[in-house]
Amino acid sequence: MSFTRAVIFETLRIATVVNGVLRKTTQDVEMKGFVIPKGWRIYVYTREINYDPFLYPEPLTFNPWRWLEKNLESHQHFMMFGGGGRLCPGKELGIVEIAAFLHHFVTRYRWEEVGGDKILKFPRVEAPNGLHIRVWDH
Ligand code: HEM
């Protein structure tokens, strides 16, 4: 299960649909010489963190093994499920659901892409015309 978990994290890192998390300051916050006034709304653009080459060398390469080498999941910059008191409560359920789907899909079926579908990477990962695949029993 640890490799499946690594595949899920790497997929979320490269192609999550959650580009960031929102917060609002409840008091003035000083950070690295800057003051964020009370009441400001903040958008933490986690997509940028996920592509940071200092945190994830060769960030555009799909490399699930990077999650096994170090415990990246416990790092402060791991924010695919948000963080702090508002951390996604469905994190583990979501991972189990994806893992169960992947297990059945990979072990029971084979698939191929059909047609030259367009995939956009920015501002978010999406397939505007849908991602068409042909699936058959293995
Ligand atoms: C891959 C799957 C999922 C991803 C990537 C994801 C991601 C996120 C993110 C980024 C947040 C914002 C956290 C923050 O502001 O710090 C969030 C919040 C939340 N998620 Fe998920 N989520 C996933 C699955 C689920 C599932 C399966 C459930 C419920 C069954 C769920 C329920 C929630 C709820 C209720 C919140 C709001 C928490 C709050 O504001 O206190 N999520 N999720």
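The rules we used
In this numbering scheme, every chain counts its residues from 1 along its sequence in written order. The predicted nature of this model means local features are confined to residues of pLDDT at least 70 and side-chain atom pairs, given and counted, to a pLDDT of 80 or more, with totals for whole chains, interfaces and linings taken over all residues. Values shown for side chains rest on all heavy atoms present in the structure; no hydrogens or waters enter the calculation. Each patch is assembled from residues with relative accessible area greater than 30% and no salt bridge, linking like charges that lie within 9 Å and nonpolar side chains (Val, Leu, Ile, Met, Phe, Trp, Tyr) that lie within 5 Å. Throughout, the Shrake-Rupley method with a 1.4 Å probe supplies accessible areas, and for residues the shown protein chains are the sole cover considered. What makes a salt bridge here is a side-chain nitrogen of Lys or Arg within 4 Å of a carboxyl oxygen of Asp or Glu, nothing more. The helix count covers DSSP runs of H or I at least four residues long, the strand count covers runs of E at least two residues long, and both are numbered beginning at the N terminus. Summary of the distance rule: residues count as near a molecule or strand when at least one heavy atom falls within 4 Å of that molecule or strand. In the analysis that follows, any N or O atom pair within 3.5 Å is treated as a polar contact, provided that within protein one partner can donate a hydrogen and the other can accept it, and provided that, for residues neighboring in sequence, both atoms belong to side chains. Each residue gets one of three labels from its accessible area relative to the maximum for its type: buried under 20%, exposed over 50%, partly exposed in between, using a 1.4 Å probe on protein chains only. Positive charge is attributed to Lys and Arg, negative charge to Asp and Glu, and no charge count is given to His or to the chain ends. By definition in these notes, contact holds between two residues if any of their heavy atoms fall within 4.5 Å. A helix is expected to span 1.5 Å multiplied by its residue count minus one. This arc is built from the directions going out from the helix axis to the C-beta atoms.

Things to note about a nonpolar patch on the surface
Nonpolar side chains collect at one region of the surface, where Val-106, Trp-111, Ile-119, Leu-131, Ile-133 and Val-135 lie side by side and expose about 520 Å² of accessible area between them. Checked against the element boundaries, Trp-111 lands in strand β5 (residues 109-113).

Focus: the site of the ligand
Near the ligand you find 14 residues, and of these Arg-23, Gly-82, Gly-83, Arg-86 and Cys-88 are the closest. Arg-23 is positioned with one of its side-chain polar atoms (N or O) 2.6 Å from an oxygen atom of the ligand. Arg-86 places a side-chain nitrogen or oxygen 2.7 Å from an oxygen atom of the ligand. Elements that contribute at least two residues to the shell around the ligand include exactly β1 (21-24) and α4 (91-108). For the shell around the ligand, the leading source of residues is α4, giving 3 residues.

Topic: the side chain of Arg-47
Residue position: Arg-47 is located in helix α2 (residues 46-50). Buried within the structure, Arg-47 lacks any salt-bridge partner; its nearest side chain of opposite charge belongs to Glu-48, at an N-O separation of 5.3 Å. In this view, Arg-47 contacts Asn-19, Lys-121, Phe-122, Pro-123 and Arg-124; residues no more than four positions away in its chain are not counted.

Here's the deal with α4
Compared with the 26 Å implied by 1.5 Å per residue over 18 residues, the 26 Å span of α4 between its first and last C-alpha is a close match. Three or more residues of α4 are buried, namely Lys-91, Ile-95, Ala-99 and Phe-105. For α4, the angular spread of the buried residues around the axis is 140°, confining them to a single face. Turned more than 90 degrees from where α4 packs its buried face, Leu-93, Glu-97 and Phe-101 sit exposed. Elements in contact with the buried residues of α4: α1 (2-15), β5 and β6 (133-137).

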